[in-house]
Amino acid sequence: MPPSKASEAGGWTVAMDKSLTIDGIDSAVSETEPLVQRDPDHEPHKKRHVGWGIVIAVVMGFIFGFIFEKSRVFQPDSIRAQFVFKEWLMLKMFMAALASSAFSLLLVSIFHPKLFEHVRDEFHDCRHRGVLTATALGAFMLGAGMAIGGACPGMVSAQVGSGVNTAYATLLGCLVGALAHGLLEPFIEKWIQMGPKFNFFYITERFKLPYWPLGIALMIMGGGVAGLLEYFHSWQSEVPQPFKNKNGPCNFVFDCPSWPPWASGIILGLLQIPAILVIKDTLGSSTAYDAVTSLATHALQDHHKKTHYPRFHGRTKGWGNWWQVFYLCASMLGALASAGLSHSLGKVHGLHPMVGFAGGFLMLFGSRLAAGCTSGHGISGMSLLNASSLVAVPCMFGGGIAVAFLYNLNPDAFLPSQ
């Protein structure tokens, strides 16, 4: 219904019916409108073969942990150094993963278009969240937590597996952050839904374009940025003795202490293919923390849980919620195997436990507020050209850069490394 009165300023339209729009962002979403208009043909894709799904999730997780340990991106100091532009390992891996993820999704969009549409629908939770009050703010908190804790939600498991001595504190902070968000969500729901929202899911919808040209452009951009960074800042200059372990020169590729971060990123992005084909989902990790912390309300009756703790009620059951738990647990084993082969187990020192805990808390609370983490928004959402992810990722880096530079100005603001 068109508003009866309205005033316009700077491209914004404020109407008496509390509608607020700007270039395709709309806060007046009907309460009766379903989150996603699903095609009935998509329903068969809901049937997940859990047995094979567990196997694939475990294999994917093992690879994820292995390549993160090899990339050296999991080191807390490397995360902080990236945010102040002293090292480039993390960005190289991220951009290469974005390029190969776009390549994977391009293949799926061509050969399995209905499945491609199904996995895009998995981002429906972003639709009713405020662009500023939830997506941008949550992503900023996620980035700030990354700079403080020297990790990201998925990377924490690799830190645990590789023997980072204070990773337990970061993991505990992540769990408490997810628990706090789940408990507080009913009280901050109005804040989460406040302000402008996107009235479209994907850039392709907004401009009425097929996925393939934008997917190819994303591949070129991601690969080009990773290539330029490598050209000007070789990974070998950022990693001491990449081809030697404590026993001398490497005998084969798996016992080397480090790999090029862009190579690890390419492998990471290609994990989208088994994730989509078997699990019918895209890469992510922060939902695992929701699933585990939902057990805190296990003793409550279903109707009470649904009424008072809807976040936990929706995460307690279902393979779609729990596959990431298998994935992250297996990633600990992958990181352990990688560190063991290269004789680097326990060689990386972590941050002070209180700092790790604070960073973990902020990361998970922020990622749950933004409905996505570095894998969900950063790799999957960006390569799917999700509108919310295109807001979340710059805000995530912005939060990390702001906090890391503040730390550089006043190092005493943070407790020292262990």
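Everything in this summary refers to the structure shown in the same document. Per chain, residue numbering runs from 1 following the sequence as it is written. For a predicted model such as this one, the threshold for reporting local features is a pLDDT of at least 70, and the threshold for listing and counting side-chain atom pairs is 80 or more; totals across whole chains, interfaces and linings nevertheless cover every residue. The side-chain numbers reported here are obtained from all heavy atoms of the structure, hydrogens and water having been left aside.

### Quick look at the overall build of the protein chain
Moving on, step 1. A run of H or I in DSSP becomes a helix once it reaches four residues, and a run of E becomes a strand once it reaches two; helices and strands are each numbered from the N terminus. If you tally the helices and strands in the protein chain, you get 19 helices and six strands.
Moving on, step 2. Excluding contacts between residues fewer than 6 apart, the proportion of contacts in the protein chain whose partners are at least 24 apart in sequence is 81%.
Moving on, step 3. Counting every atom, the protein chain has about 18500 Å² of accessible surface; 67% of that belongs to carbon and sulfur. By definition in these notes, contact holds between two residues if any of their heavy atoms fall within 4.5 Å. In this description, accessible areas are obtained by the Shrake-Rupley approach with a 1.4 Å probe, and a residue is regarded as covered only by the protein chains that are shown.

### Overview of unusual backbone geometry
Moving on, step 1. We note that H343 has phi near 60°; this positive angle belongs to a residue other than glycine.
Moving on, step 2. For H343, the location among the structural elements is in the loop between helix 16 (319–341) and helix 17 (353–369).
Moving on, step 3. One non-glycine residue, A371, lies in positive phi territory at about 60°.
Moving on, step 4. Checked against the element boundaries, A371 lands in the loop between helix 17 and helix 18 (374–383).

### Comments concerning the nonpolar core
Moving on, step 1. Only buried residues count toward a nonpolar core, which is a set of Ala, Val, Leu, Ile, Met, Phe, Trp, Tyr and Cys residues joined through side-chain atoms within 4.5 Å. Classification of residues uses two cut-offs on accessible area relative to the type maximum, computed with a 1.4 Å probe and protein chains only: under 20% is buried, over 50% is exposed, and between them is partly exposed. Within the largest apolar cluster, 93 residues are counted, with the highest numbers of intra-cluster contacts made by M60 and L268.
Moving on, step 2. For this core, the element with the most residues is helix 3 (residues 89–111), which contributes 13 residues.
Moving on, step 3. Within the second largest apolar cluster, six residues are counted, among which are A134, M141, A180 and I192.

### Quick look at the packing of helix 5 (residues 131–149) against helix 17
Two numbers describe a pair of packed helices, the interaxial angle and the distance between the axes.
Moving on, step 1. Inter-axis angles, ranging from 0 to 180 degrees, are taken between N-to-C directions of lines fitted to C-alpha atoms, where helices are fitted over the stretch in contact. Following both chains from N to C, one finds helix 5 and helix 17 inclined at 160°, their axes separated by 7 Å at the closest point. In terms of orientation, helix 5 lies roughly antiparallel with respect to helix 17. Of the two possible hands of crossing, helix 5 and helix 17 adopt the one that is left-handed. Where helix 5 approaches helix 17, its residues T133, A134, L137, G138, A139, M141, L142, A144, G145, M146, I148 and G149 are matched on the opposing element by V355, G359, L362, M363, F365, G366, S367 and L369.
Moving on, step 2. Here the contact of helix 5 with helix 17 is built from residues that sort into 13 nonpolar, seven polar and no charged. Between 65 and 115 degrees an angle is taken as roughly perpendicular, under 35 as roughly parallel, over 145 as roughly antiparallel, and anywhere else as oblique. Each crossing gets its handedness from the near helix: less than a right angle anticlockwise from the far helix is left-handed, clockwise is right-handed. Throughout this entry, Asp, Glu, Lys and Arg are counted as charged residues, while Ala, Val, Leu, Ile, Met, Phe, Trp, Tyr, Cys and Pro are counted as nonpolar. The remaining residues, Gly among them, count as polar.

### Things to note about the state of the cysteines
Such a bond, covalent and formed between the sulfur atoms of two cysteines, is termed a disulfide.
Moving on, step 1. When two cysteine sulfur atoms lie within 2.5 Å, the pair is treated as a disulfide. Scanning all chains against the criterion turns up zero disulfides.
Moving on, step 2. Here C373 stays free of any disulfide, with the sulfur of C152 as its closest cysteine sulfur at 7.0 Å.
Moving on, step 3. For C373, a relative accessible area of 1% gives the class buried.

### Things to note about the side chain of S104
Moving on, step 1. Following the sequence through the fold, S104 ends up in helix 3.
Moving on, step 2. Other than its neighbours up to four places away in sequence, S104 contacts G269, L270, Q272 and I273.

### Remarks on the packing of helix 7 (residues 167–192) against helix 13 (residues 286–293)
Moving on, step 1. The geometry of helix 7 relative to helix 13 is characterised by a closest axis approach of 9 Å and an angle of 70° between their N-to-C directions. Considering the angle they form, helix 7 stands roughly perpendicular to helix 13. Together, L171, C174, L175, A178 and L179 of helix 7 and Y289, D290, V292 and T293 of helix 13 make up the contact between the two elements.
Moving on, step 2. In the contact of helix 7 with helix 13, the residues fall into seven nonpolar, one polar and one charged.

### Examining the packing of aromatic side chains
Moving on, step 1. Only Phe, Tyr and Trp rings are paired, with Trp represented by its six-membered ring, and only when their centres lie within 6.5 Å; those with planes under 30 degrees apart are stacked, over 60 edge-to-face, the remainder tilted. Overall, the coordinates contain 16 aromatic pairs when judged by the stated rule.
Moving on, step 2. Judged by centre distance (6.1 Å) and plane angle (45°), the ring pair of F201 and Y202 falls under tilted. Taken individually, F201 and Y202 each receive the classification buried, so the pair is uniform in this respect.
Moving on, step 3. Through a chain of ring-to-ring contacts, the aromatic side chains of F62, F66, F254 and W259 assemble into a single cluster.
Moving on, step 4. Residue placement shows R80 over the ring face of Y407; its charged tip is 4.8 Å from the ring centre. Note on criteria: charge over ring means Lys NZ or Arg CZ within 6 Å of the ring centre, with the direction from the centre no more than 35 degrees off the ring normal.

### A look at the pattern of salt bridges
Moving on, step 1. When a carboxyl oxygen of Asp or Glu is within 4 Å of a side-chain nitrogen of Lys or Arg, the pair counts as a salt bridge. Enumeration over the complete set of coordinates arrives at six salt bridges.
Moving on, step 2. With its nearest N and O atoms 3.0 Å apart, the salt bridge here joins D290 to R368. On the criterion of sequence distance, the pair formed by D290 in helix 13 and R368 in helix 17 is long-range, its members being 78 residues apart.
Moving on, step 3. Note on D290: relative accessible area 0%, which makes it buried.
Moving on, step 4. With relative accessibility at 3%, the residue R368 sits in the buried group.
Moving on, step 5. Each of K92, E230 and E238 takes part in one network of salt bridges that share partners.

### Quick word on helix 5
Working note: α-helix, 3.6 residues per turn, so residues spaced by three or four point in the same direction.
Moving on, step 1. The end-to-end C-alpha distance of helix 5 is 25 Å, a good match for the 27 Å that 19 residues give at a rise of 1.5 Å each.
Moving on, step 2. Most of helix 5 sits out of view: 16 of its 19 residues are buried.
Moving on, step 3. Positioned one or two residues after helix 5, G150 has a phi angle of 60°, which is positive. What a helix is expected to span follows from its residue count: subtract one and scale by 1.5 Å.

### Here's the deal with the environment of L364
Moving on, step 1. Within the secondary structure, L364 sits in helix 17.
Moving on, step 2. Its relative accessible area of 0% is what places L364 among the buried residues.
Moving on, step 3. Linking L364 and M141, residues 223 residues apart in sequence, is a C-alpha distance of 8.8 Å.
Moving on, step 4. The contacts of L364, once residues within four sequence positions are left out, are P153, C174, G177, A178, S286 and Y289.

### Brief notes about helix 12 (residues 272–279)
Moving on, step 1. Along helix 12, the residues classified as buried are Q272, A275, I276 and I279. Looking down the long axis of helix 12, one finds its buried residues gathered within 110° of arc, a one-sided arrangement.
Moving on, step 2. Looking at the packing, one finds that the buried side of helix 12 touches helix 1 (50–71), helix 3, helix 4 (113–121), helix 11 (261–270), helix 16 and helix 18.
Moving on, step 3. Residue K280 follows helix 12 closely and has a positive phi angle near 65°. In this context, the arc is that of the directions from the helix axis out to the C-beta atoms.

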